[in-house]
Amino acid sequence: MRWILLLLICAACGAQPAPLMFGGARHDTTVDGRDYVVYKKENRVEVIRLGHAGRAEHDRIKATMIGIVPWLTGCDVIPASVEGDSGAMRARVSCPKGLR
């Protein structure tokens, strides 16, 4: 019974950022029928994919996650800083003046 209650509580939480990203700007979007949440704080972003993905989809999803960052934040992902997988990805970004 406790496990079921814990599972329901976790499912109700939705996408929550890593503690480092608390207080960051949140952006929600849907691309190709898949939902993503992007958190931006200073020169860092975190992208979270919502929902299940099959094994063959992971590379395409990660490319999509990198691609939505400039679209939603106006900042470019620094490729060498990308960490994580197709479920949750973190990276540093380079932003034009005024978007930091």
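Refer to the structure above for everything that follows.
Residues numbered from 1 in each chain as written. Predicted model: local features only at pLDDT ≥ 70, side-chain atom pairs only at ≥ 80, totals over all residues. Heavy atoms only, no water.

Participant: Got a minute to help me understand the overall build of the protein in this structure?
Facilitator: For the protein, the count of helices and strands is 2 helices and 6 strands. For the protein, the proportion of its 100 residues judged to be buried stands at 33%. A sequence separation of at least 24 residues applies to 41% of the contacts in the protein between residues at least 6 apart. (Helix = DSSP H or I, 4+ residues; strand = E, 2+ residues; numbered from the N terminus. Buried < 20%, exposed > 50% of the residue type's maximum accessible area, 1.4 Å probe, protein only. Contact = heavy atoms within 4.5 Å.)

Participant: Just to check I follow, could you spell out helix H2 (residues 58-73) for this structure?
Facilitator: Helical geometry: 3.6 residues make up each α-helical turn, so side chains three or four residues apart lie on a common side. Helix length check: H2 (16 residues) gives 23 Å between terminal C-alpha atoms against 22 Å at 1.5 Å per residue, within 8%. Every buried residue of H2 is accounted for by Ile-61, Thr-64, Met-65, Ile-68, Val-69 and Thr-73. In this fold, the buried residues of H2 make contact with strand E1 (25-31), strand E2 (34-41), strand E3 (44-49), strand E4 (76-77) and strand E6 (88-94). Downstream of H2 by one or two residues, Gly-74 has phi in the positive range, about 80 degrees. (Expected span 1.5 Å × (residues − 1).)

Participant: Got a minute to help me understand unusual backbone geometry in this structure?
Facilitator: Outside of glycine, negative phi angles account for most residues, and trans bonds account for most peptide bonds. For Asp-32, which is not glycine, the phi dihedral falls at a positive 50 degrees. Summarising the element assignment, Asp-32 is placed in the loop between E1 and E2. For Glu-42, which is not a glycine, the phi torsion comes out positive at approximately 55 degrees. Of note, Glu-42 is situated in the loop between E2 and E3. Judged by relative accessible area, Glu-42 falls into the exposed class, the value being 57%.

Participant: How should I be thinking about the state of the cysteines in this particular structure?
Facilitator: Each disulfide is one covalent bond, formed between the sulfur atoms of two cysteines. Going through the model one piece at a time under the given rule, you end up with 1 disulfide. With a sulfur-sulfur separation of 2.0 Å, Cys-75 is cross-linked through a disulfide to Cys-95. Negative torsions about the S-S bond denote left-handed disulfides, and the value of about 110 degrees found for Cys-75 with Cys-95 makes this one right-handed. Taken together, the residues span a long stretch of sequence, with Cys-75 in the loop between H2 and E4 and Cys-95 in the segment after E6 at a distance of 20 residues. The exposure class of Cys-75 is buried, given its relative accessible area of 0%. For Cys-95, a relative accessible area of 8% gives the class buried. (Disulfide = S-S within 2.5 Å.)

Participant: Explanation requested: the pairing of E6 in the structure shown.
Facilitator: Looking along a regular strand, one sees side chains alternate from face to face of the sheet. Side-chain alternation along E6 places Met-89, Ala-91 and Val-93 on a buried face and Ala-88, Arg-90, Arg-92 and Ser-94 on a face that remains uncovered. In the sheet, E3 pairs with E6 via 5 bridges, with the strands oriented antiparallel. The partner of Val-45 across the bridge, within E6, is Ala-91. Judged from the 2 bridges that link them, E4 and E6 form a sheet pairing that is antiparallel. Note on E6: the bridge partner recorded for Asp-76 is Ser-94. Bridging between strand E5 (residues 83-84) and E6 involves 2 bridges; their strand directions are antiparallel. Bridging from a neighbouring strand, Gly-84 pairs with Met-89 of E6. (Pairing = 2+ DSSP bridges.)

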